[in-house]
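The residues making up each chain are set out below.
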Amino acid sequence: MNASINTHKCVTIRIERHLEAHIANPRTRTPRQIAETSRSEIMRLLKLNGELSVAHLCKLRKVTHTAVRRHLSSLLKEGIVTYRIEETDIGRPVHMFRLTAKSQSSFPDDYEGVALNLLDTICADSGHRGVLDFLNTANDRLIRDLRARLHTRPLEERVEGLCKYFRDAGYMSEWNRLPDGNFFLVHKNCAIYNLAAKYRQFCLLELHLIQNVLNTKISRQQYIFKDQSVCGYLIHGEEKS
């Protein structure tokens, strides 16, 4: 019995090592995967070192000048990287590359952890009612901002504008007009899933936000926390008077 278990473990280890080698081997990856890895590695090196020249990047990455310059050119166009020119005693000036603030979204962060800790602290001091009051204040401010931007537009354009807000926030939102003149808004991703899983006040306030920004009746038809794949809202085409 023990021999059988040991044999199984040895086979499993060999398979895992084979897969690791397969993934690490450039020959088994597509050109696009290799390019994305190189680009990410250049960004990582700039993050760790602050500023680097092309020559330094080539030395650290063990790749050609052409490959490094190609990635830097792309990153410059996207505003992720910038540079300054450093004069030298001998030879031509050197371009020193560094990351911009726009690059920050490409690196790990813990905004959700900070927010969860803040809400946990409020909940410990003031209970769930305190959490709702805190979130409601922030939600009301957001409603005012969105209404100021969208209130003069027709309802359909307000739906599009609100959908764009959610889409930009990471909700992978879409909307469409229904044959009866109503609209349907869908979030295919919950950008604050872990927060909302613990504090469902977020879900209540999202419904409140949509209704107040669009100034019409809203009903939630689909809900991620009811084991459905999306959150879907029916938006009635007739505005409130």
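Residues numbered from 1 in each chain as written. Predicted model: local features only at pLDDT ≥ 70, side-chain atom pairs only at ≥ 80, totals over all residues. Heavy atoms only, no water.

Help me understand a nonpolar patch on the surface in this model?
On the surface, a cluster of nonpolar side chains totalling about 250 Å² of accessible area is made up of Leu76, Tyr83 and Ile85. With respect to the secondary-structure elements, Ile85 resides in strand E1 (residues 81–86). (Patch = residues over 30% accessible without salt bridge, like charges linked within 9 Å, V, L, I, M, F, W, Y side chains within 5 Å. Areas by Shrake-Rupley, 256 points an atom, 1.4 Å probe, with all protein chains shown as cover. Salt bridge = Lys/Arg side-chain N within 4 Å of Asp/Glu carboxyl O. Helix = DSSP H or I, 4+ residues; strand = E, 2+ residues; numbered from the N terminus.)

Where do I start with the pattern of salt bridges in this structure?
Pairs can form between side chains of opposite charge whenever their charged atoms are close. Scanning all chains against the criterion turns up eleven salt bridges. Between Arg39 and Glu78 there is a salt bridge, and its shortest N-O distance comes to 2.7 Å. Residue Arg39 is found in helix H2 (residues 31–49), and its partner Glu78 is found in the loop between helix H4 (65–77) and E1; the two are separated by 39 residues along the sequence. The exposure class assigned to Glu78 is partly exposed, which follows from its relative accessible area of 32%. In the salt-bridge network here, residues are joined through shared partners; they are Glu51, Arg84, Glu86 and Arg98. (Buried < 20%, exposed > 50% of the residue type's maximum accessible area, 1.4 Å probe, protein only.)

Please explain the nonpolar core as it appears in this structure.
If you look at the biggest cluster of nonpolar residues, it comprises 35 residues, and the most contacted ones within it are Leu162, Leu209, Ile210 and Leu214. Only helix H5 (111–150), helix H6 (155–168), strand E4 (183–187), helix H7 (193–198), helix H8 (201–214) and strand E6 (231–239) provide two or more residues apiece to this core. A total of nine residues in this core trace back to one element, the largest contributor, which is H5. Residues within four places of Leu162 in sequence aside, it is in contact with Leu146, Leu150, Leu209, Ile210, Val213 and Leu214. Core analysis: the second largest hydrophobic core is formed by 16 residues, Ile42, Met43, Val68 and Leu72 among them. (Core = buried A, V, L, I, M, F, W, Y, C linked by side-chain atoms within 4.5 Å. Contact = heavy atoms within 4.5 Å.)

How do you make sense of the pairing of E4 when you look at a structure like this?
A regular strand places its side chains on the two faces of the sheet in alternate fashion. Among the five residues of E4, five are classified as buried, and the element is accordingly described as predominantly covered. Alternating residues of E4 divide into Phe183, Leu185 and His187 and Phe184 and Val186, and every residue in both groups is buried. Sheet topology note: the strand E3 (residues 173–177)/E4 ladder contains five bridges and is antiparallel. Counted as the bridge partner of Ser173 is His187 from E4. In textbook terms, the turn of a hairpin is the stretch between consecutive antiparallel strands, and for E3 and E4 this stretch comprises five residues, one of which, Gly181, has a positive phi near 95 degrees. (Pairing = 2+ DSSP bridges.)

Got a minute to help me understand the side chain of Ser53 in this structure?
Turning to its location among the elements, Ser53 is positioned in the loop between H2 and helix H3 (54–61). The class of Ser53 is buried, set by a relative accessible area of 6%. In contact with Ser53, other than residues within four places in its own chain, are Val94, His95 and Met96.

Teacher, can you tell me more about the layout of surface pockets here?
There is about 590 Å³ of room inside the largest pocket. Around the largest pocket, the lining is made up of 30 residues, and of these Asn139, Tyr165, Tyr171, Ile192 and Phe202 lie nearest the centre. Those elements that provide at least two residues to the lining of the largest pocket are H5, H6, H7, H8 and E6. Tallying contributions element by element places H5 first for the lining of the largest pocket, with eight residues. Of the residues assigned to the lining of the largest pocket, the class counts are 25 nonpolar, three polar and two charged. By volume, the second largest pocket is sized at about 230 Å³. Secondary-structure elements contributing two or more residues to the lining of the second largest pocket are H3, H4 and strand E2 (94–99). Ranked by the residues each element gives to the lining of the second largest pocket, the list is headed by E2, at three residues. Class assignment of the residues belonging to the lining of the second largest pocket gives a composition of five nonpolar, three polar and two charged. (1 Å grid on protein atoms, 1.4 Å probe; cavity = no way out; pocket = protein on both sides within 12 Å on 5 of 7 lines; lining within 4 Å. Points joined across faces, edges and corners; volume = space filled by probe spheres on them. Nonpolar A, V, L, I, M, F, W, Y, C, P; charged D, E, K, R; others polar.)

Please clarify how the side chain of Ser38 should be interpreted in this entry.
Summarising the element assignment, Ser38 is placed in helix H2. Among residues more than four places away in sequence, those in contact with Ser38 are Arg61 and His71.

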